[in-house]
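# Reading the structure
The chain contents come next:
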Amino acid sequence: MYNVMTKLLSATLFFASLQTPTTLAKDINDPALWPKPAAPVALGSESSEALKVVQQFFEAYAEDDTAKLRQFVAEDVEWHIPGKHPLAGTKRGIDEFLAFFSSLASAGFKAEVMILAANDTYVIDAHRGWSNTGGDNIDINWVLLYQIENGKIKRVQNFSGNQYASDQFFTTFLKHKS
């Protein structure tokens, strides 16, 4: 029995080693596995003022309305982007934040919320984020943690469902854009 288990484990590890981290992450990020719910706001979060700020921010982003975005983002905002691509790092202040979102818009980046949950200070947003720019494509899940202070987004931490694909997409896209 021990030999059979050892052989099965060895075969499993061998086949798993043939798949790159990007391949494995693409499998789990398949949009068909993550259908958009009819009501993405978590039960009990509906009355959260922090949630309302993030929802209004999403509306302004969807409208590509920079002036409206400013209404929901603190002047000293910190927006943390993971990775090793040119857009990675912490965007500090409204001007760096707006430049980042301008880059997202030029990449045709879209988001579809799967769930929002909130309390008085924090909002958690899980969404499908994608771009089909004609060659440079990405379609993965993201989770963002928003901190709301004085009715504005003060700090955000992004978590990518596939950091390898994120790095590759943004690096390639920005090279083609230059």
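Right above here is the structure, for reference.
Residues numbered from 1 in each chain as written. Predicted model: local features only at pLDDT ≥ 70, side-chain atom pairs only at ≥ 80, totals over all residues. Heavy atoms only, no water.

## Remarks on the overall build of the chain
Helices and strands together make up the secondary structure of the chain, namely six helices and six strands. Listing the helices and strands of the chain from first to last along the sequence gives α-α-α-α-β-β-α-β-β-β-β-α. Sorting the 178 residues of the chain into buried and exposed places 38% on the buried side. Considering only contacts in the chain between residues 6 or more positions apart, those separated by 24 or more positions represent 52%. With an accessible surface of roughly 10300 Å², the chain has 58% of that area assigned to carbon and sulfur atoms. (Helix = DSSP H or I, 4+ residues; strand = E, 2+ residues; numbered from the N terminus. Buried < 20%, exposed > 50% of the residue type's maximum accessible area, 1.4 Å probe, protein only. Contact = heavy atoms within 4.5 Å. Areas by Shrake-Rupley, 256 points an atom, 1.4 Å probe, with all protein chains shown as cover.)

## What about the layout of surface pockets?
In this model, the largest pocket occupies a volume close to 600 Å³. For the lining of the largest pocket, the secondary-structure elements that each account for two or more residues are α3 (49–62), α4 (66–70), β1 (73–81), α5 (93–106), β3 (110–118), β4 (122–132) and β5 (137–149). Ranked by residues supplied to the lining of the largest pocket, first place goes to α5 with six residues. (1 Å grid on protein atoms, 1.4 Å probe; cavity = no way out; pocket = protein on both sides within 12 Å on 5 of 7 lines; lining within 4 Å. Points joined across faces, edges and corners; volume = space filled by probe spheres on them.)

## Looking at the nonpolar core
Core analysis: the biggest nonpolar cluster contains 38 residues, and Phe57, Trp79, Phe97, Val123, Tyr146 and Ile153 have the highest contact counts within it. Elements that contribute at least two residues to this core include exactly α3, β1, α5, β3, β5, β6 (152–160) and α6 (163–177). The leading source of residues in this core is α3, at seven residues. If near-sequence neighbours (up to four positions away) are discounted, Trp79 is found in contact with Phe57, Gly89, Thr90, Lys91, Phe97, Phe100, Phe101, Leu144, Tyr146, Ile153, Val156 and Asn158. (Core = buried A, V, L, I, M, F, W, Y, C linked by side-chain atoms within 4.5 Å.)

## Details of α5
For α5, spanning 14 residues, the distance from its first C-alpha to its last is 20 Å, which sits close to the expected 20 Å at 1.5 Å a residue. Of the residues making up α5, those classed as buried are Gly93, Ile94, Phe97, Leu98, Phe100, Phe101, Ser103 and Leu104. In the segment just after α5, Gly108 is the residue with positive phi, at about 70°. (Expected span 1.5 Å × (residues − 1).)

## Comments concerning the pattern of salt bridges
Counted by the stated rule, this structure contains eight salt bridges. For Lys52, the salt bridge goes to Glu49, with nearest N and O atoms at 3.2 Å. Residue Lys52 and its partner Glu49 are located together in helix α3, separated by three residues, close to a single helical turn. We classify Glu49 as exposed; its relative accessible area is 52%. A salt bridge links Lys154 to Asp76, with the nearest nitrogen and oxygen atoms 2.4 Å apart. Taken together, the positions of Lys154 in strand β6 and Asp76 in strand β1 put the pair 78 residues apart, joining distant regions of the chain. Each member of the salt-bridge network shares a partner with another, and the members are Glu78, Arg92 and Arg155. (Salt bridge = Lys/Arg side-chain N within 4 Å of Asp/Glu carboxyl O.)

## Considerations on the packing of aromatic side chains
Going through the model one piece at a time under the given rule, you end up with 14 aromatic pairs. Their ring planes at 50° and their centres at 6.1 Å tell us that Phe57 and Phe58 sit as a pair that is tilted. With a relative accessible area of 2%, Phe57 lands in the buried category. Seen from their ring centres, Phe100 and Phe101 are 5.3 Å apart, and the 90° between their planes marks the pair as edge-to-face. Classification of Phe101 by relative accessible area gives buried; the value is 8%. Here the aromatic residues Phe57, Phe58, Tyr61, Trp79, Phe97, Phe100, Phe101 and Tyr146 are joined through ring pairs into a cluster of three or more. (Phe/Tyr/Trp six-rings, centres within 6.5 Å; stacked < 30°, edge-to-face > 60°.)

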